[in-house]
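This is what each chain is made of:
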Amino acid sequence: MAVWDDLVGQTRVEEQLAAAARDADALVTAHAAGEPAPEASKMTHAWLFTGPPGSGRATAARAFAAALQCVSPDRALGGAPGCGFCDGCHTTLVGTHADVEIVRTDLLSIGVKETRALVRRAQLSPAGGRWQVIVLEDADRLTEGAGNVLLKAVEEPAPRTVWLLCAPSLEDVLPTIRSRCRHLTLRTPPVEAVADVLVRRDGIEPETAQAAARATQGHIDRARRLATDERARARRSVVLKLPLRVDDVGGCLKAAQELVDAAAEDAKQVAEEIDVKETEELKAALGAAQGGRMPRGTAGAMKELEERQKRRRTRTQRDSLDLALTDLTGFYRDVLALQLRSRSALANTDVRDALERIARDTTPERTLRRIEAILACREALDRNVAPLLAVEAMTMALRG
């Protein structure tokens, strides 16, 4: 299985990356042989992958990183880098390659301290691989200070260092950084392609896979979760019933409270799974006594961990709310499609009765205003507005 097999519906991007990987392989081979580098090359030191959620930005970046580290003997016979089986490909894809740093965050932002550590790493020569590769999956979460720290490293990289940055859009990255990167845009994969992947790789029943892919409109990770997690299906079902519950003020406020409480419960469950383990591991590393008493001078480390866990809970709650708002937007998108007699396929066919009822009782203009209210709620959450206040404002705007 080639490294590109995980890219779904991204033929153009795959071709560009494969060509760059071939040129990168030629560059390293020529350098090792003491020969001059090829003049024309599609390889460059910094790449920016953008695309909507679920398009596979990070997957494309990791696949390219694996192709850059490919050591398959078939390359000498004209084979393309990225076999997926050699030690370089395998260790990169599983995250254990010594010369590939994959950075993702479960916090709200990436700060200066973490970015400086990455810049120092990027200055090192490859320890055993062909390139030193830094994959930054959440480049849109860099603070302004962190972006300025990264700029110098991207502008003047070490000879065999490659930066692979991922973000939802060009506007999410500092102009000075994106102007120094080669830009690749990924599209939302077709529903049929996502369903095929779920059946072929995850062993999901075709009917279930098709329903999940259609409901998530081509978002691969969400489709997989929806097809395999009963709790995710139950949560989505609750969200899609909300438009029928906002007929009065009381219903609006109750629905808003339930959405926020559900997101908080998600954050709590993540905390229960991760926080306790992290805390115990840190205590053991700091030499805590059997009874739990901490050595002197370790309070700062424990407080830093608690702050990190608090920020992660906030991020988890917002992500859960954002997922609910995405489902809600999809619901009203289907309503609008029915009102305009569009030929577009409906995403939420399992609640078609509710869609038709609301489409019949309202106008397209009213539906558009409701979609705008949901988008305004998402923007308010991005600006750190209190979740309950933002969601209550939205549900009031959804009221018939």
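The structure this text deals with has already been given above.
From a predicted model like this one, the values you see are computed outputs, not experimental measurements.

### Comments concerning the pairing of strand S1 (residues 46-50)
Phase 1 of the analysis: With five of five residues buried, S1 is to be regarded as a mostly interior element.
Phase 2 of the analysis: Alternating residues of S1 divide into Ala46, Leu48 and Thr50 and Trp47 and Phe49, and every residue in both groups is buried.
Phase 3 of the analysis: By the bridge criterion, five bridges tie S1 to strand S4 (residues 161-167) in an arrangement that is parallel. The residue bridging Leu48 from the neighbouring strand is Leu165, located in S4.
Phase 4 of the analysis: As paired elements, S1 and strand S5 (residues 182-185) share four bridges and run parallel to each other. Bridge assignment links Phe49 to a residue of S5, and that residue is Leu184.

### Some thoughts on the nonpolar core
Phase 1 of the analysis: Grouped together as the largest cluster of nonpolar side chains are 34 residues, with contacts concentrated most on Trp4, Leu17, Trp47, Phe49, Phe64 and Leu164.
Phase 2 of the analysis: Looking at this core, the elements that each hand over two or more residues are helix H1 (11-32), S1, helix H2 (57-68), strand S3 (132-136) and S4.
Phase 3 of the analysis: The residues touching Leu164, leaving out its near neighbours within four places in the chain, are Trp47, Phe49, Ala61, Phe64, Ala65, Val133, Ile134, Val135 and Leu136.
Phase 4 of the analysis: Core analysis: the second largest hydrophobic core is formed by 33 residues, Leu321, Ala324, Leu328 and Leu381 among them.

### Section: helix H7 (residues 191-202)
Phase 1 of the analysis: Look at H7: 16 Å from first C-alpha to last across 12 residues, which is about the 16 Å you get at 1.5 Å a residue.
Phase 2 of the analysis: Buried residues of H7: Val191, Val194, Ala195, Val197 and Leu198, and no others. When H7 is viewed along its axis, its buried side chains cluster within an angular range of 155° and face the same direction. H7 presents Glu192 and Arg200 as exposed residues on the side facing more than 90 degrees away from its buried surface.
Phase 3 of the analysis: Tucked inside the fold, the buried residues of H7 contact helix H8 (206-215) and helix H9 (220-228).
Phase 4 of the analysis: A positive phi of about 70° marks Gly203, the residue just after H7.

Reading the values: rules and limits
Residues numbered from 1 in each chain as written. Predicted model: local features only at pLDDT ≥ 70, side-chain atom pairs only at ≥ 80, totals over all residues. Heavy atoms only, no water. Buried < 20%, exposed > 50% of the residue type's maximum accessible area, 1.4 Å probe, protein only. Helix = DSSP H or I, 4+ residues; strand = E, 2+ residues; numbered from the N terminus. Pairing = 2+ DSSP bridges. Core = buried A, V, L, I, M, F, W, Y, C linked by side-chain atoms within 4.5 Å. Contact = heavy atoms within 4.5 Å. Expected span 1.5 Å × (residues − 1). Arc of directions from axis to C-beta.

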